[in-house]
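# Architecture at a glance
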Amino acid sequence: MMKNSQDHLEILRQEVENLRQQLVDTKERLSVTEETLQAIRSGEVDAVVVSTSQGAQVFTLHGADYVYQCLVEQMGEGAATASSEGLILYCNKQLSELLGCPLKNLIGAQLENFVAPQDRHAFSLLLKQGHEKETRTLELSLIGAAETKYKDIDRRKIDRNIEIPVKLSLRQFKLDEIVVNSIVITDVTEAKVKEAKKLNQILKRAIATITNYRFYPDHTREFEYWSDGCEILFGYTAAELMADQNLWASRVEPKDLEMILAQTLTACQQNQSSDNIEYRFYHKNGDQRWLSSSKFIQWDETNHYWNINTVLTDITNRKQAEIALLEEKEKLSLFIQYAPVSVAMFDRQMRYIAVSQYWIDMYQLDSKEAVMGRSHYEILSNIPESWRQVYQECLAGATRKCEQDSFILPDGSEQLLKWEVLPWFQIQGEVGGILIFVEDITETKRLEQQFYHAQRLEGLGTLASGIAHDFNNILTPILGVTQLLPLKIPNLDASVTNLLTILSNSARRGSDLVKQILLFSRNTEGEYAILQLDALLLELIEIPRQTFPKSIAIIAEIPTQTLWNISADATQIHQVFMNLMINARDAMPDGGALTIGAENLQLEEDNALMSLASKAGEYVVVTVTDTGLGIPPELLDRIFDPFFTTKEIGKGTGLGLSTVMGIVKHHGGFITVKSVAGKSTEFKVFLPAIAGAVSQSTLEASIPRGNGELILIVDDESAIREVTKAALESYNYRTIVASDGIGAIAVYGKHQQEVSAVVMDIMMPNLDGVTTIHTLQSLNPLVKVIATSGLIENRKLSLDANATTFLLKPFSIRQLLQTLMEILSPNQSDQSGQSEQSQSERLLSIAINPSPPTQVELSKKAIAMMSPAWLQQMHDAAYYCDAEIMLDLITQIPPSQEAIANALRGLVLDFKTDLIMELTK
């Protein structure tokens, strides 16, 4: 044992001796180095020879380098010149002060020795990668002078090296073919301190508090520690939270507290840490905040509870941003889902991100789920190349739109589309994909065509009305003469009688033609009654069965006693179906089948768009089908135009179908037509059904005669004056005549006591009929006036002027005599004074809609239940012909007055704005 101790001491003595010798050698080297450095600084040395592993290297120190040395010494950063192996050849005092090391100890030392151990490898690589044309930079730590610390309460001293964060910039250059490194070292301690403070502030805001508590299997908790950050997070100090163990739980959203307890218990039982449990907490000031909780769980040694450390982070801003983003996504989803047009959202690869149900339905796709995530080009493989080009342009940031385009659906049908494509952008500003809005305008375009067609018919109707007026003035005396001649010349021979018959028939044909024109323009009325259509159709079919060629089979599919009733003029309805059957006959020159069917139909709102004039309601539908030549598609829009015909010259007037259209519209119905060229044509006539008992026909009464009453005849057409005068005198009336209103007033003034009635044309030169009526009434308020005109519009003007009644030209002698008898009869003489309704209101109640869905008397009194503001708005809308506003106002009429609403709606659709203005005035 003693021997081992002596050996150990001997070894220690030898080591001490070696250390002493090394110290002596080191002092000698330092002395030499100091002398060399002093010589270099004083300029006494021109070169330094350094021995390295690669041999001796000579570094010249020419006097010209003195300026450089002065600049380096004045730098704010540390500077050094080092060999390629990192040996310090020169450094300034700033580097010496930075490292806390004298210059004499730095010159000739390895710079790597002053680099922190963890950064030495990176520094070595920097030396090896140095380049003459490039400055390389590296952030690392240098080891400064040691500072004294005290380890414990015994005040035992320890020395600890200081690490100084710096930025080191290095660039190589050559001196006499020897590579050296120019190094600049910048102290970044202050910048690092500022960065650390900023990071600390961020951490303080992000990680608000740390807590430790015990968690028991029965869900109870016992907090053991709260960090000071809790006051920032909760508004409560750590002391307040520790003093009240239930304070934290009382401020957590109740639903979230249940979730926290359940997830914590599950994590404890599975011995797993629980990350990012997010919940809502109410701050002391009442604000709601979102917190994120990360738990670190450890089962206690007693096996009675779990120790849980929790880091709580305030994520309110992030959660609010997430909620806002989620709300925006939800809004976008709702917009796409319920948009009134088809909408689809795509990414840059044209994959579906979102799609509306309208899109699925329009393109006849299976479901939303079937397309989500799939390529648009895969779903619709027949997308036109032009559309693909548009998509690419929009993915590049452009916006494109088209008012009308066509697309072939999977079932082969063609669709007219209005579309717009625009890009959507990501947060970074890049295009994330495109949005496509598509509207199916197929039905809209069809209705537009119908509307333009209706406008064209309205214009032609106005023209036809004017023509009819002149025809009526021509035909009225002709018809009168054909009826008067047999009375004036009783013993006519057969040839004269035959000529009169020809004249009468020609006049009647002209009268029928005028009636067709008036029916087309919807400017005439008929005698409306409640009809049962099956009996009329069965009776009508007998005519073609007896007169049509035997090669045409007549097929009737008409149910009896089950069809609903309609309100109509029997003669006009007879003309409608007779014209359709004649057209069908002409379309089958080589024979075929003519089928007439009828049925009841309840037309719903969804199906009411089959025609511009269609409305929801009950209809009797009559179908006329032939197997003839059909109608070419390009002519379908023109078949109802007046004077348009495909027949040869002399075989058709072109008024057949236009008359049909006028009559049906005048009855409140509409027509649809389908045709396949070379195969068949089908006309469907929709007539509104109505409740009520079928009207009974009456026998024609005999022609009434006068009792010598004096009648004043006023007309600017001399032929009409003469014929009317002759006709009345032939039936025991006395007459006096006038050619205009001025003459009528003068004649009436002379014979006022004798004149029983006035027959007056409402349209005359010099003084019109309305003004004349007012003047006559000022002379005699009880004057009886029969107003006449070739235009039905003048009926309203006449009755508004308090004319006793109105006759439409051309009228027959029977009609004139019957009217005179009615107004001159003692039982009717006081009718005009006793009526509670004005003539205008009586006209409105019977003339505005001959066939309403239900019986309704539409008058000013009937719509008086609406407010004055509503009546004024309706009047203004009618004045400006704004159908959209009028229809919207009609929807405000109470449901209990549905019949009035329907009648007004019919006026709007028939463009009878003048009547609406009168009703709301």
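Just above sits the structure.
Residues numbered from 1 in each chain as written. Predicted model: local features only at pLDDT ≥ 70, side-chain atom pairs only at ≥ 80, totals over all residues. Heavy atoms only, no water.

### Observations concerning the overall build of the protein
Helix and strand counts for the protein stand at 31 helices and 31 strands. Residues counted as buried form 41% of the 921 residues belonging to the protein. At a minimum sequence separation of 6, the contacts of the protein that also span at least 24 residues come to 58%. If you sum the accessible surface of the protein, you get close to 50700 Å²; carbon and sulfur atoms cover 52% of it. (Helix = DSSP H or I, 4+ residues; strand = E, 2+ residues; numbered from the N terminus. Buried < 20%, exposed > 50% of the residue type's maximum accessible area, 1.4 Å probe, protein only. Contact = heavy atoms within 4.5 Å. Areas by Shrake-Rupley, 256 points an atom, 1.4 Å probe, with all protein chains shown as cover.)

### Focus: the pairing of strand E23 (residues 592-603)
Two faces, one strand: in a regular strand the side chains alternate between the faces of the sheet. The sheet contact formed by strand E21 (residues 552-557) and E23 spans 6 bridges and is parallel. Along E23, the bridge assignment pairs Ile552 with Gly592. Note that E23 and strand E24 (residues 617-626) share 10 bridges and pair antiparallel. Across the sheet, Glu599 pairs through a bridge with Val621, a residue of E24. (Pairing = 2+ DSSP bridges.)

### A few points about the nonpolar core
Membership of the largest hydrophobic core comes to 40 residues, with the highest contact counts inside it found for Leu533, Phe577, Leu580, Leu594, Phe683 and Leu687. Listing elements by their share of this core, those giving two or more residues are helix H18 (533-547), E21, strand E22 (565-568), helix H19 (570-586), E23, E24, helix H20 (656-666) and strand E26 (680-688). With 7 residues, H19 is the single largest residue contributor to this core. Residue contacts for Leu580: discarding those within four places in its chain leaves Val624, Leu657, Val660, Phe683 and Val685. Formed by 28 residues, the second largest nonpolar core is a distinct cluster that contains Tyr213, Leu233, Leu291 and Ile297. (Core = buried A, V, L, I, M, F, W, Y, C linked by side-chain atoms within 4.5 Å.)

### Examining helix H22 (residues 741-751)
Regarding H22, the residues found buried are Gly741, Ala744, Val747 and Tyr748. Take H22 and look down its axis: the buried residues cluster within an arc of 125°, on one side only. Exposed side chains of H22 directed beyond 90 degrees from the buried face belong to Ile742 and Lys750. Those residues of H22 hidden inside the fold are in contact with strand E27 (710-714), strand E28 (734-738), strand E29 (755-761) and helix H23 (769-779). At the N-terminal end of H22, a side-chain oxygen is found 3.3 Å from the backbone nitrogen of Ile742, two or three residues along, and the residue is Asp740. (Arc of directions from axis to C-beta. Polar contact = N/O pair within 3.5 Å; in protein donor to acceptor, adjacent residues only side chain to side chain.)

### Some thoughts on the side chain of Ser342
Mapping Ser342 onto the fold places it in strand E15 (residues 342-347). Ser342 gets classed as buried once you look at its relative accessible area, which sits at 4%. Among all residues touching Ser342, those that are not within four sequence positions of it are Ser356, Tyr358, Trp359, Met362, Ile436, Phe437 and Val438.

### Structural notes on the packing of aromatic side chains
This model, assessed by the stated rule, comprises 19 aromatic pairs. Between Tyr363 and Phe407 the ring centres are 5.4 Å apart and the planes differ by 90°, which places this aromatic pair in the edge-to-face class. Taken together, the positions of Tyr363 in the loop between helix H12 (357-362) and helix H13 (368-371) and Phe407 in strand E17 (residues 400-408) put the pair 44 residues apart, joining distant regions of the chain. Each member of the pair, Tyr363 as well as Phe407, is classed as buried. Taking 6.3 Å as the distance between ring centres and 65° as the angle between the ring planes, the aromatic pair formed by Trp387 and Trp419 counts as edge-to-face. Placement of the pair is Trp387 in helix H15 (residues 385-395) and Trp419 in strand E18 (residues 414-425), with a sequence separation of 32 residues. On the basis of relative accessible area, Trp387 is assigned to the buried category, the value being 7%. (Phe/Tyr/Trp six-rings, centres within 6.5 Å; stacked < 30°, edge-to-face > 60°.)

### Structural notes on the sheet that holds E24
The sheet built from 5 strands is open, its strands ordered E21-E23-E24-E26-E25 with mixed pairing. The outermost strands of the open sheet, each flanked by one partner alone, are E21 and strand E25 (670-676). Ignoring strand direction, the axes of neighbouring strands in this sheet form an average angle of 15°. Contacting E21, E23, E24 and E26, H19 crosses the sheet at an angle of about 175° to E26. (Axes fitted to C-alpha atoms, helices over the stretch in contact; angles between N-to-C directions.)

### Regarding the sheet that holds E27
Here 5 strands make up an open sheet; going across it, the order is E28-E27-E29-E30-E31 and the pairing parallel. Looking along the sheet, the strands with just one partner apiece sit at the ends: E28 and strand E31 (805-808). Here the average twist between neighbouring strands, direction ignored, is 20°. Two elements, E29 and strand E30 (residues 785-789), share 4 bridges in a ladder whose sense is parallel. In the strand pairing of E30, Asp761 is matched with Thr788. H23 rests against E29 and E30 of the sheet, and its axis sits at about 165° to E29.

### Description of helix H5 (residues 120-128)
Every buried residue of H5 is accounted for by Phe123, Leu126 and Leu127. Seen end-on, H5 carries its buried residues on one side only, within an arc spanning 100°. In H5, the exposed positions that point more than 90 degrees away from the buried face belong to His121 and Lys128.

### Thoughts on the packing of H22 against H23
As a packed pair, H22 and H23 sit with axes 10 Å apart at the nearest point and diverge in direction by 15°. Judged by the angle between their axes, H22 and H23 are roughly parallel. Relative to H23, the crossing made by H22 is right-handed. Contact residues: H22 offers Gly741, Ala744, Ile745 and Tyr748, while H23 offers Thr772, Thr775, Leu776 and Leu779. (Parallel < 35°, antiparallel > 145°, perpendicular 65-115°, else oblique. Left-handed = near helix turned anticlockwise from the far one by under 90°.)

### Some details on the packing of H18 against H19
Two packed helices can be described by the angle between their axes and the distance between those axes. Where H18 contacts H19, the two axes come as close as 10 Å, and the packing angle between them is 45°. What the angle tells us is that H18 and H19 run oblique. Note that H18 runs across H19; the crossing there is right-handed. Contacts between H18 and H19 involve Leu533, Leu536, Leu537, Leu540, Ile543 and Pro544 on the former and, on the latter, Ala570, Ile573, His574, Phe577, Met578 and Met581. When its residues are assigned to classes, the contact of H18 with H19 shows 11 nonpolar, 1 polar and no charged. (Nonpolar A, V, L, I, M, F, W, Y, C, P; charged D, E, K, R; others polar.)

### Describing the environment of Ala787
Examined against the element boundaries, Ala787 turns out to sit in strand E30. Distance from Ala787 to Leu807, taken between C-alpha atoms, is 6.3 Å for residues 20 residues apart in sequence.

### Some details on unusual backbone geometry
Here the phi dihedral of Met350 falls at roughly 60°; this positive angle occurs in a residue that is not glycine. Mapped onto the secondary structure, Met350 falls in the loop between E15 and strand E16 (352-355). Residues other than glycine seldom take positive phi values, yet Gln364 does so here, at roughly 55°. Among the secondary structure elements, Gln364 is positioned in the loop between H12 and H13.

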